[in-house]
Amino acid sequence: MTGTIEINRLKIYAYHGILPQERVCGNFFEVDVRLRYPLIRAAQSDNVSGTVNYAQTIEIIQAEMSHPVALIEHAAWQIWRALMRKWPAIEGGMVRVAKLTPPLSAELDSVAVKIEF
């Protein structure tokens, strides 16, 4: 039996970007994560130790986003790597990092990178 934990539209202020102003002023980001894992242990035991804990997942995402990087691809990869270290039983999923107000002269909602595994 497989289940999915979802973190949807987690808002984080961080300092990622190529431009110096992005590293100084920061930007709003939104992170989505979906983690597929065997949930039978949690379902049978009703114990959080048998699941991918969404509160801890959010803490990991926040911690990884607190380290400035140039590319949102790298930010997404760092989140993926940290989650896989914490829960090696994760079978697959997705990490999406969106920059909500990129420094572009274009009208858009966001720019984003999504990695699927």
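This text goes with the structure placed above it.
Parameters and conventions
- Residues numbered from 1 in each chain as written.
- Predicted model: local features only at pLDDT ≥ 70, side-chain atom pairs only at ≥ 80, totals over all residues.
- Heavy atoms only, no water.
- Helix = DSSP H or I, 4+ residues; strand = E, 2+ residues; numbered from the N terminus.
- Buried < 20%, exposed > 50% of the residue type's maximum accessible area, 1.4 Å probe, protein only.
- Contact = heavy atoms within 4.5 Å.
- Areas by Shrake-Rupley, 256 points an atom, 1.4 Å probe, with all protein chains shown as cover.
- Expected span 1.5 Å × (residues − 1).
- Polar contact = N/O pair within 3.5 Å; in protein donor to acceptor, adjacent residues only side chain to side chain.
- Salt bridge = Lys/Arg side-chain N within 4 Å of Asp/Glu carboxyl O.
- Axes fitted to C-alpha atoms, helices over the stretch in contact; angles between N-to-C directions.
- Parallel < 35°, antiparallel > 145°, perpendicular 65-115°, else oblique.
- Left-handed = near helix turned anticlockwise from the far one by under 90°.
- Nonpolar A, V, L, I, M, F, W, Y, C, P; charged D, E, K, R; others polar.

Peer 1: Residues and numbers for the overall build of the chain, please.
Peer 2: From N to C terminus, the chain includes 4 helices and 4 strands. From first element to last, N terminus to C terminus, the chain shows the α and β order β-α-β-α-α-α-β-β. Summarising its shape, the C-alpha atoms of the chain cover approximately 50 × 25 × 20 Å along the three principal directions. Each of the 117 residues in the chain was classed as buried or not, and the buried ones make up 41%. Sequence-distant contacts, at least 24 apart, represent 62% of the contacts inside the chain between residues at least 6 apart. Accessible surface computed for the chain: about 6,900 Å², of which carbon and sulfur atoms make up 53%.

Peer 1: Tell me about helix H4 (residues 72-86), residues and numbers included.
Peer 2: Given 3.6 residues per helical turn, the α-helix brings residues three or four places apart onto the same face. Here H4 contains 15 residues, and its C-alpha end-to-end distance of 21 Å stays within 8% of the 21 Å for a straight helix at 1.5 Å per residue. Looking at the buried side of H4, the elements it contacts are strand E2 (27-38), helix H3 (54-65), strand E3 (92-99) and strand E4 (111-116).

Peer 1: How would you sum up the side chain of Glu30? Please name residues and give values.
Peer 2: Along the chain, the position of Glu30 falls in strand E2. On the basis of relative accessibility, which here comes to 9%, the residue Glu30 falls in the buried class. A distance of 2.7 Å separates the side chain of Glu30 from the side chain of Lys11, its partner in a polar contact. Look past the residues within four positions of Glu30 in its chain and what remains in contact with it is Arg9, Leu10, Lys11, Arg96, Val97, Ala98 and Leu100.

Peer 1: Residue-level account of the pattern of salt bridges, with values.
Peer 2: Applying the stated rule across the entire model yields 6 salt bridges. Close ionic contact of Arg96 with Asp32 constitutes a salt bridge, the shortest N to O distance being 3.3 Å. Placement of the pair is Arg96 in strand E3 and Asp32 in strand E2, with a sequence separation of 64 residues. The partly exposed category is assigned to Arg96, whose relative accessible area is 25%. Across the salt bridge formed by Glu116 and Lys114, the nearest N and O atoms sit 4.0 Å from each other. Since its relative accessible area comes to 49%, Lys114 is described here as partly exposed. When salt bridges with common partners are traced through the structure, they connect Arg9, Lys11 and Glu30 into a single cluster.

Peer 1: Please set out the packing of H3 against H4 residue by residue, giving values where relevant.
Peer 2: Running from amino to carboxyl end, H3 crosses H4 at an angle of 140°, the nearest separation of the two axes being 9 Å. As the angle between them shows, H3 and H4 are arranged oblique. At the point where H3 passes H4, the crossing takes the right-handed sense. Contact residues: Gln56, Thr57, Ile60, Ile61, Glu64 and Met65 in H3; Ala75, Gln78, Ile79, Ala82, Leu83 and Lys86 in H4. Each residue belonging to the contact of H3 with H4 can be placed in one class, and the counts come to 7 nonpolar, 3 polar and 2 charged.

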